[in-house]
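One letter stands for each residue in the lines below.
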Amino acid sequence: MKIMVRKNTDADAKEAKIAPADSENGSGGSTIKKALGNRKLLFSLAVLVAIILVVTLPPRDRSLENLDTCKSEGNLATRNNCYRDLAFSMNKTYFCGKVFNSSSITSSCYAKLAVEANSRKSCEQIKEVKARSYCTALLAINKIELPLCGNVDDFGWRNYCYAQLALVSRKHEPCAMIESESLIAECYVALAKNISYGPTCAYILNQDKKDECFLALGGINADPLLCAEIGQPANRWTCYHRVAKKTGNVALCDRLPTGFRQNCVDSVKEASQQPQ
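Residues numbered from 1 in each chain as written. Predicted model: local features only at pLDDT ≥ 70, side-chain atom pairs only at ≥ 80, totals over all residues. Heavy atoms only, no water.

A.B. asks: Explain the overall build of the protein chain residue by residue, including any values.
C.D. replies: Looking only at helices and strands, one finds 13 helices and zero strands in the protein chain. Overall, the protein chain shows an N-to-C arrangement of helices and strands of α-α-α-α-α-α-α-α-α-α-α-α-α. When burial is assessed residue by residue, the protein chain has 31% of its 276 residues classed as buried. Contacts in the protein chain between residues at least 24 apart in sequence constitute 28% of all its contacts with a sequence separation of at least 6. (Helix = DSSP H or I, 4+ residues; strand = E, 2+ residues; numbered from the N terminus. Buried < 20%, exposed > 50% of the residue type's maximum accessible area, 1.4 Å probe, protein only. Contact = heavy atoms within 4.5 Å.)

As structure tokens, this is what we get:
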């Protein structure tokens, strides 16, 4: 029995070489298809993003662009000031945004318009601390809203907020929230003078400032009881002298030391002879 052994021919070798190549082409085709699919996906996403931007971005306001009288100004500082003034005159924040390379002008521009619009949200969106603080402080004062002063970031503007709110509200409580003893005293003095109410002086802890307050109010109100609250003798005598002269009550001169009484009496008589 003969066993037939098949010899490899050149055709067989070619087929063997072709088979792997076909397999590789199949895999390569799949990779190309995937790449093409990814490109289509990326293109679709790009188109979607473009549509969203077109829909959501605010349209350019051609009417405001036509009012832009500052763009031809060659000097940068002059142009920035021009845009700020234009924003104020037109009451349009659009021109605040046209200020270039000057955060202080831009921020102050936005702040002033936010205050005029009475917009707390607009104030909070200002990035520069002092401008935002100025904006918030003025809103608090305009609204007479004490808690809003606490949202003021800058120390100086926060104290200013409390001091002015005390005057506007005619109440002493905001003065106590100021973070400086000397400024607290100044707040009480200003309030006492503003409302002509002497007892406000009693809230002042510093004795010299307290005496200054009672001296001022004693003379303004012509009230000897306020003079009696003054701790420093010389200031107390000055207060009695002023009240006596203003009221014509010469008996108050007796509360001065002997060496000063006659001068007080003479001042009262001289004042009474003056035409009213």
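A.B. asks: Give me the lowdown on the state of the cysteines, citing residues and values where you can.
C.D. replies: A covalent bond between the sulfur atoms of two cysteines is what we call a disulfide. One pass over the structure, following the stated rule, counts eight disulfides. Put simply, C123 and C135 are joined by a disulfide, and their sulfur atoms are 1.8 Å apart. Across the disulfide from C123 to C135, rotation about the S-S bond amounts to roughly -65°, and the bridge is consequently left-handed. Here the residue C123 occupies a position in helix 5 (residues 120-124), and C135 occupies one in helix 6 (residues 129-143), the gap between them amounting to 12 residues. Pair check on accessibility: C123 and C135 agree, each one buried. The residue that forms a disulfide with C201 is C213, at a sulfur-sulfur distance of 2.0 Å. On the sign convention where negative means left-handed, the S-S torsion of about -70° between C201 and C213 marks this disulfide as left-handed. Of the two residues, C201 sits in the loop between helix 9 (181-195) and helix 10 (207-221) while C213 sits in helix 10, which places them 12 residues apart along the sequence. What makes C201 buried here is its relative accessible area of 0%. Residue C213 is classed as buried on the basis of its relative accessible area of 0%. (Disulfide = S-S within 2.5 Å.)

A.B. asks: Which residues make up the side chain of S133, and what are the values?
C.D. replies: When you line up the elements, S133 lands in helix 6. Of the polar contacts made by the side chain of S133, one reaches the backbone nitrogen of D154; its length is 2.9 Å. S133 has contacts with V152, D153, D154 and W157, leaving out every residue within four places of it along the chain. (Polar contact = N/O pair within 3.5 Å; in protein donor to acceptor, adjacent residues only side chain to side chain.)

A.B. asks: Please give an account of the confidence of the model for the protein chain that cites residues and values.
C.D. replies: The predicted coordinates of low-pLDDT regions are not to be read in fine detail. Taken residue by residue, the protein chain gives an average pLDDT of 84. The fraction at 70 or more is 77%. Looking at the elements of the protein chain, mean pLDDT is at its lowest for helix 1 (residues 10-56), recorded as 55, and at its highest for helix 8 (residues 155-169), recorded as 97. Confidence drops under a pLDDT of 50 for residues 1-6, and excluding neighbours within four residues, the segment shows one contact in the predicted structure. (pLDDT = per-residue confidence, 0-100.)

A.B. asks: Kindly report on the packing of helix 8 against helix 9, identifying the contributing residues and their values.
C.D. replies: Contact pair helix 8 / helix 9: the axes reach a minimum separation of 9 Å and the direction vectors enclose 20°. When the axis of helix 8 is compared with that of helix 9, the two are roughly parallel. In the packing of helix 8 onto helix 9, the handedness of the crossing is right-handed. Contact residues: helix 8 offers N159, A163, A166 and L167, while helix 9 offers L183, C187, A190, L191 and N194. (Axes fitted to C-alpha atoms, helices over the stretch in contact; angles between N-to-C directions. Parallel < 35°, antiparallel > 145°, perpendicular 65-115°, else oblique. Left-handed = near helix turned anticlockwise from the far one by under 90°.)

A.B. asks: Quick one: what's the story with the packing of aromatic side chains, residue by residue and with numbers?
C.D. replies: Enumeration over the complete set of coordinates arrives at five aromatic pairs. Residues Y94 and F95 carry aromatic rings whose centres are separated by 5.0 Å and whose planes lie at 80° to one another, so their mutual orientation is edge-to-face. The interplanar angle of 20° and the centroid separation of 5.5 Å between the aromatic rings of Y188 and Y203 together place this pair among those described as stacked. In this pair, Y188 is assigned in helix 9 and Y203 in the loop between helix 9 and helix 10, connecting sequence segments 15 residues apart. Among the aromatic residues, ring-to-ring pairing joins Y134, W157 and Y160 into one connected group. The ring centre of F88 lies 4.3 Å from the NZ or CZ of K112, which sits over that ring. (Phe/Tyr/Trp six-rings, centres within 6.5 Å; stacked < 30°, edge-to-face > 60°. Lys NZ or Arg CZ within 6 Å of the ring centre and 35° of its normal.)

A.B. asks: Go over unusual backbone geometry, please, and point to the residues and values.
C.D. replies: For I144, which is not glycine, the phi torsion reads 50° and is therefore positive. With phi around 60°, R170 is a residue other than glycine that occupies positive phi space. Examined against the element boundaries, R170 turns out to sit in the loop between helix 8 and helix 9.

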